[in-house]
Amino acid sequence: MSSKRVSTARQSASGLGLAAQRSAIDAFAESRGAQVTARFTEVESGRRADRPELAKAVDLARLTGATLVIAKLDPLSRNAAFLLILRDAGVRFLACDMPEANDLNVGIMALVAQQEREAISRRTKEALPAARAAASASAIWTVPPRAATRRQ
């Protein structure tokens, strides 16, 4: 069973990222001689805790004893508490980009991911005034003075 996530409906519609995630999961399953029994795709922000597709994947994995495979650990959640709750949900999960990850690695990665999300947010907030000023400046234009017309 696999779970993929993209941040926006536009990414979902365009397939940006999904094909690469599907390919990574399929290659991972093949390398392990495993079979993907279900696929779940979430189109939500990594910050949100209410993820219906992920909840369905976790429930199915718990019911069947299947392993939940995700393409990348970092984008699954940039909220440490959420990732740690998933880790403790009683469902085995693996990340294709870190298949050797254990509980300690997952905890550390969760904290690093959350710190990165906070740093991105801070940098964005700091850059917005400059971007707005630049946009305003580029929106200002002047009309060249008209040539004085004299009737002669």
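Structure's up top.
Residues numbered from 1 in each chain as written. Predicted model: local features only at pLDDT ≥ 70, side-chain atom pairs only at ≥ 80, totals over all residues. Heavy atoms only, no water.

Enquirer: Could you give me a rundown of the overall build of the chain, with the residues and numbers involved?
Expert: Along the backbone of the chain there are six helices and four strands. In the chain, the succession of α and β elements from N to C terminus is β-α-α-β-α-β-α-α-β-α. When the 152 residues of the chain are sorted by exposure, 29% land in the buried category. Sequence separation of at least 24 residues holds for 64% of the intrachain contacts in the chain that already meet a minimum separation of 6. Accessible surface, the chain as shown: approximately 10000 Å² in total, 55% of it carbon and sulfur. (Helix = DSSP H or I, 4+ residues; strand = E, 2+ residues; numbered from the N terminus. Buried < 20%, exposed > 50% of the residue type's maximum accessible area, 1.4 Å probe, protein only. Contact = heavy atoms within 4.5 Å. Areas by Shrake-Rupley, 256 points an atom, 1.4 Å probe, with all protein chains shown as cover.)

Enquirer: How would you explain the nonpolar core if you had to name every residue and give the values?
Expert: One recurring pattern in soluble globular proteins is that nonpolar side chains are buried together. Of all hydrophobic cores here, the largest spans 18 residues; its most connected members are Val58, Leu68, Ile70, Leu73, Leu83 and Phe93. Going through the elements one at a time, α3 (52-64), β3 (68-70), α5 (80-87), β4 (93-95) and α6 (103-139) are the ones with two or more residues in this core. If you tally residues by element for this core, the top one is α3, at four residues. Counting six residues, the second-largest nonpolar core is a separate cluster that includes Phe28, Val69, Leu94 and Cys96. (Core = buried A, V, L, I, M, F, W, Y, C linked by side-chain atoms within 4.5 Å.)

Enquirer: A description of the environment of Lys56 should follow, citing residues and the corresponding values.
Expert: Counting through the fold element by element, Lys56 comes out in helix α3. When its relative accessible area of 46% is taken as the criterion, Lys56 is described as partly exposed. Sequence separation between Lys56 and Phe40 is 16 residues, and the spatial gap between their C-alpha atoms is 8.0 Å.

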